[in-house]
Amino acid sequence: MKCCRAHASTGDNMEMTVSVNDNINGTLILPIIEGTESIPEDCERGLPQSMKTQINKVLGDGDFKAKSKTILSLVGGEDGNIILSGLGKGDAVTVHDYRTAGAAVFAGIKKIHGNDFTVRFIDAGVAHMAAFAEGMMLRDYSYDHYKMKDDDNEDDSPKQIRLACSEKEAGELTSLVEKYRGIAAGVHLSRDLGNCPPNDMYPEEFADRAWEWAKQYDNVEVTIINYDQAIKAGMGGLIAVGKGSSRKPCMVVFEMNKEVKGKCPVLVGKGITFDTGGISLKPGANMDEMKYDMGGSATVFGTMEALAQTGHKGKVVGITCMAENMPAANATRPGDVIKGLSGKTIEILNTDAEGRLVLSDGLWKAGEFNPEYIIDFATLTGACVVALGHEATGLWSNNDEFRTRIHEAGNAVDELAWPMPLLPAFEKEMTDSKIADTRNLGAGRWGGANTAAAFLKQFVPNVDYDKDGEQITWAHMDIAGTYWGAKTNTMVKNGATGIHVRTMHHLITQG
Ligand code: BES
Ligand code: ZN
Ligand code: ZN
């Protein structure tokens, strides 16, 4: 029988436990380093002779080379099933290889493997085991909310995954797995928000979800600045972008551990729930993908969830700038001049360069929260995708050391953020308006990702808004190429990737 009910999309369908006994429950998963010709005897515990022979034969004959991202499934009937999982080259196997292998295994699980799995590692450190588990958790995601489900054929029972380890390793492995579970929940939340179709994901819906979400945590507060309040506050950038839509814009502020004294990270997100381009209308091809244009805000929300789930004790603030960019009789025109929260005027030369307008208010607002630093996330420019493809996020900063810190946090979790230049020449280009303080479009199309970054820099406040003071440490991350469509990202099958929730969790908690 078919029915149309909503299905959980996230990794709720997996239970992961750490086990110190030798039992093999269900399908055995064996991560193997490239070049391995047979598995050590102590890994064969509990395996029927027929399976041992099969494994050592495929390894010995070179039928399974254990290259990265490959798996081989051995189906042994009553003797059980095995999935061999390739880790790649022997002398350089890293936690990233283990994470990738875990994700590749999860992607390869079929009905025949059942719902119970035991992972047995060969000479792996605890960090490597945990990374494998993390890969499985990250990949345990599909967005099925809008699909008709065939109740009779669908097996919704959770997958039980046991990670086998020694008694000595169990404590550390358990706490790492618990941490990665919390972080994966943040990544999955970011993906859920990004994948949601734009008829159902609009500024107020995002705000409602944030409001509802915050109720489960004592240490998180969400404040919604609605349309009228935004007008009163002078958020001219947000209003200019969102006013042409019947779904009105808003700003959502997340505050975690508000009572903690001192400076704190402030994350700002571009949240365009659909970007038609406005009056500077986009061409039709692939316009549906512009539902992901709120990926920056989803990154901020997802990071908040990851931090909340893992019990972060420090103060963190998130600001999401939500608007739908629509053409309409009352939409902003190319040629309009607006004034934003900072007091600077902006000549709008192209209404499709809207992300920078909403962010100009978000960045200025960030100064109210005594930031240690500000990082903004935005699917900001097609030019960034031209420059870096889908393999790396563009990374700009007004502080070289800080930019390196973010780059390293990205490397630590295998989410590449590539340094890009913030040059005075680009800034000059963006202030060269005949009639306003700034303009939202560069002089030509060259360096479009850099001119966008330079535009944003003008709206990063000085410490305490002191006009003669020092500018707050700031970084801009253009995720136009990495928030979706990254086919080489093994952590996700398709759709929104949830990129940089893990980078931010690492930076904020360990970086
Ligand atoms: N949301 C787009 C950027 C984008 C385009 C992201 C394609 C991912 C894929 C942004 O608002 C935009 O339209 N930017 C323009 C800026 C231009 C008008 C200066 C662009 O990149 O073409
Ligand atoms: Zn646009
Ligand atoms: Zn956009």
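Above this text you will find the structure in question.
Scope of this entry: the structure provided in the associated data block.

Examining the sheet that holds strand β16 (residues 393–397)
Strand order in the open sheet formed by 8 strands is β9-β10-β12-β11-β15-β19-β16-β17, and the pairing between neighbours is mixed. Two strands close off the open sheet at either side, each with one partner strand: β9 (220–225) and β17 (417–419). On average, each strand axis in the sheet is inclined to that of its neighbour by 20°, with strand direction left out of account. Here 4 bridges tie β16 to strand β19 (residues 474–478), and the two strands are oriented antiparallel to one another. Bridge assignment links Leu 395 to a residue of β19, and that residue is Met 477. Helix α14 (residues 501–509) contacts β11 (264–275), β12 (316–325), β15 (371–378) and β19 of the sheet and is inclined by roughly 175° relative to β15.

Topic: the packing of aromatic side chains
Applying the stated criterion across every chain, the model contains 12 aromatic pairs. With a centroid separation of 5.2 Å and an interplanar angle of 80°, the aromatic rings of Trp 213 and Phe 301 are classed as edge-to-face. Here Trp 213 is found in helix α5 (residues 203–214), whereas its partner Phe 301 is found in helix α8 (residues 295–309), with 88 residues between them in sequence. By relative accessible area, Phe 301 is classed as buried at 1%. Taking the centre distance of 4.9 Å and the plane angle of 20° together, the rings of Tyr 292 and Trp 484 count as stacked. Of this pair, Tyr 292 sits in the loop between β11 and α8 while Trp 484 sits in the loop between β19 and α14, placing them 192 residues apart in sequence. Given a relative accessible area of 11%, Trp 484 falls into the buried group. Three or more aromatic residues joined by ring pairs form one cluster here, namely Phe 206, Trp 213, Tyr 217, Phe 254 and Phe 301. Cation over ring: Arg 247 sits above Tyr 202, and NZ or CZ is 3.7 Å from the ring centre.

Here is what the cut-offs are and how they apply
Residues numbered from 1 in each chain as written. Chains lettered and ligands numbered in written order. Predicted model: local features only at pLDDT ≥ 70, side-chain atom pairs only at ≥ 80, totals over all residues. Heavy atoms only, no water. Pairing = 2+ DSSP bridges. Helix = DSSP H or I, 4+ residues; strand = E, 2+ residues; numbered from the N terminus. Axes fitted to C-alpha atoms, helices over the stretch in contact; angles between N-to-C directions. Contact = heavy atoms within 4.5 Å. Phe/Tyr/Trp six-rings, centres within 6.5 Å; stacked < 30°, edge-to-face > 60°. Buried < 20%, exposed > 50% of the residue type's maximum accessible area, 1.4 Å probe, protein only. Lys NZ or Arg CZ within 6 Å of the ring centre and 35° of its normal.

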